[in-house]
Amino acid sequence: MMFCFCISKYLCAVPRRSYYALTKPYHPLCYGSHSCLSSISFETCESKQILKKDVSGSYPLAYEPKEVEKGWYEWWEQNDFFHSESIPKYQKKDEYPVFSFVLPPPNVTGNLHIGHTLTATIQDCIARWYRMKGYKVHWIPGYDHGGIATQRIVEKKILKEKKLTKQEIGKEDFIKELNEWKTVTQKNIEIQLKKLGSSLDFRTSCFTMDENASKAVKKVFIELYEKNLIYRKEKLVNWSSEIRSVISDIEVDHLEVPGKTIKRIPGLSEPVVLGLLDFFYYPVLDSDEKILVATTRLETMLGDSALAVNPEDTRYSHLIGKYVKHPYTGDSLPIISDKSINKDFGTGVMKITPGHDFHDFELGEKHKLKILNILSDNGTINQDVENFKGKHRLIVRDLLRKDLKAKGLYKESKSHAMSIPFCSRTGDVVEPRLKEQWYLNCTEMGEKAVEVVKQGKLHFIPEHHEKVWFEWFKHLKDWCISRQLWWGHRIPAYKIFSPNSQVNLHWVAAGCHEEAIQKASEKFNLNPSEITAVQDDDVLDTWFSSALYPLIALGWPSKENALEKLYPLTLMETGFDILFFWVARMVMLGQQITGKLPFHEVLLHGMVCDSRGTKMTKSLGNTLDPLDVIKGISLEDMLKR
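Residues numbered from 1 in each chain as written. Predicted model: local features only at pLDDT ≥ 70, side-chain atom pairs only at ≥ 80, totals over all residues. Heavy atoms only, no water.

Engineer: Run through the pattern of salt bridges, naming residues and quoting values.
Structural biologist: As enumerated under the stated definition, the model contains 39 salt bridges in all. Asp338 is the partner of Lys366 in a salt bridge, and the nearest nitrogen-oxygen pair spans 2.9 Å. Taken together, the residues span a long stretch of sequence, with Lys366 in helix α9 (residues 358-366) and Asp338 in the loop between β16 (332-337) and β17 (349-352) at a distance of 28 residues. Taking the relative accessible area as the measure of exposure, Lys366 reaches 55% and is therefore exposed. (Salt bridge = Lys/Arg side-chain N within 4 Å of Asp/Glu carboxyl O. Helix = DSSP H or I, 4+ residues; strand = E, 2+ residues; numbered from the N terminus. Buried < 20%, exposed > 50% of the residue type's maximum accessible area, 1.4 Å probe, protein only.)

As structure tokens, then:
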């Protein structure tokens, strides 16, 4: 019902005129007609090719869609019915109204699933209806490189087929494997869309890592950097140890654990126990007293910088300002007070680990605490303490229980309900880590994105998404746009070194190495021959290029005039789940780059879910292939997949 209500806005008007005559069989639906009968021909459209079907045989006893549909799509394409420049003879070009929108580019992680079919069907209804109303419809297909998701798929493929990791195969050969995968998958997606009858003009298709997209990404990054909107800073990030990269919030799944739970974790041969609250002691310096502390992540005590209590908690007021001794590093950790400490959690004493907890990081900055990093990129302990170095952090968690007990500093563990962040791509536990990354300042852009909705310049269907939009922008933070991957747009930033100056470790943004040398020479007043410029190895977050998609899909920046005709788009239609990760970012960057909204209307549809109510995604493997639905498939064969 919701779909019918939402799409009715676009399918409610009667076409301007009808230009058909009921005469001959087997002619297509064409511009200016509101009939979908197969027995019509058009006085205003000339077919370049004639569709001929063998009808000499016996009439089938049942409807056979395969036979009925056979040949139609090829014939539509041969006659350019989906090409926006193919206009009826009755209308002049300058009279022709334009309707432009894009198919949300599916990731090249694999074939489309039934959720993509929903999107394609909704958009095909809109595209065909507006053609029948006499509009010049630009419905543009495309493909997204998919960043982390695609890299993980190909990593698994190589490991299964060649028994090699991406590190063993090497970056150059791994990129070749990725490009081969992309080529095959992109073609398969096109075939699927055609089988669905999607009236897309595939001559206009684009890929978010093609030459034009790369130009756009470089141009925008450099422009934003030179306006001081892109900056590099050390902050706490979501870290996936399996991927060895920063991941976005959308790639973090928060699993509610009711208590003691046994779970398998990637990288470990044996399952581990989660959902425990550990209690251990810190000895107070120059005293016989010990402070009992509770934590759900015992291994992070190796990076503790302080203990904190609520100033109103009389149990510990006599200890504020004193110190405890760290049992492994020997450091003296201060006991501080802060009103944010929950007196009722655990023992009322909170250990502060600024390098591995978002709340602790804020407290660490507030109280100017030491920040320690205890983890390597692969999720092992990097501290040379006891026999912990090089061991998996969750293994060390268990070793600490035994070792602290031997020291007389461990009390017990209790089953405890909690929310644990997992990487949606790997199933590994996500770790907050302090890393230097590239960020986009979103403050001003976010304010403008809110204002255009309040002013009625941008509106959503259904309208209740406006409230969600406003709520999300209240909590907007600067966007971490860098990723430690091999597949993606390499960040066009160069680190500058010069042996005879003080500018080492400074950065410039440039489209190529030569441009970086020139910019550094001018910026730092250096001789070009003395400058060494090294490009950052990191790549941009997939959503950065996706945020530019309305521009890239129209051919910008290679075709500047394309924006004059078709920008802004008439409509943005997509699933509600990426309202913020895609729609919001398109709005922010679109306005920043062009001074205009990329679209004025957003139509949001729901999700196709499995029997458990979980969204269908290729990474979870809970999807249905639309071609199986079209052709039919047995339950046995479907379960095998």
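Read on, since the account is not over.
Engineer: If you had to explain the sheet that holds strand β15 (residues 323-325) to someone new, which residues and values would you point to?
Structural biologist: Spatially, β15-β16-β14-β17 is the arrangement adopted by the four strands of the open sheet, whose pairing is mixed. Two strands close off the open sheet at either side, each with one partner strand: β15 and β17. The mean inter-strand angle of the sheet, taken between neighbouring strand axes irrespective of direction, is 30 degrees. (Pairing = 2+ DSSP bridges. Axes fitted to C-alpha atoms, helices over the stretch in contact; angles between N-to-C directions.)

Engineer: Residues and numbers for unusual backbone geometry, please.
Structural biologist: Here the bond from Ile461 into Pro462 is cis, since omega is 0 degrees, no more than 30 degrees from zero. For the bond from Trp556 to Pro557, the omega torsion is 5 degrees, close enough to zero to count as cis. Along the chain, Pro557 falls in the loop between α15 (549-553) and α16 (561-566). For Asp286, which is not glycine, the phi torsion reads 55 degrees and is therefore positive. Structurally, the position occupied by Asp286 is in the loop between β12 (276-283) and β13 (290-295). We classify Asp286 as exposed; its relative accessible area is 84%. Here Lys368, not a glycine, exhibits a phi torsion of approximately 55 degrees, which is positive. By the secondary structure assignment, Lys368 is in the loop between α9 and α10 (393-406).

Engineer: Give me the packing of aromatic side chains: which residues, what numbers.
Structural biologist: Each aromatic ring pair is described using two quantities: the centre-to-centre distance and the angle formed by the ring planes. As enumerated under the stated definition, the model contains 24 aromatic pairs in all. Measuring from centroid to centroid gives 5.5 Å for Tyr73 and Phe82, while their planes differ by 55 degrees, and the two rings are tilted. In this structure, Tyr73 and Phe82 share a single accessibility class: buried. Measuring from centroid to centroid gives 6.5 Å for Tyr549 and Trp582, while their planes differ by 55 degrees, and the two rings are tilted. A residue pair is termed long-range when its members are at least 10 positions apart, and Tyr549 in helix α15 and Trp582 in helix α17 (residues 579-594) qualify at 33 residues. Like Trp582, Tyr549 is buried. Among the aromatic side chains, those forming a connected cluster through ring pairs are Trp72, Tyr73, Trp75, Trp76, Phe81 and Phe82. In this arrangement the basic side chain of Arg433 is found over the ring face of Trp239, its NZ or CZ atom lying 4.9 Å from the centre. (Phe/Tyr/Trp six-rings, centres within 6.5 Å; stacked < 30°, edge-to-face > 60°. Lys NZ or Arg CZ within 6 Å of the ring centre and 35° of its normal.)

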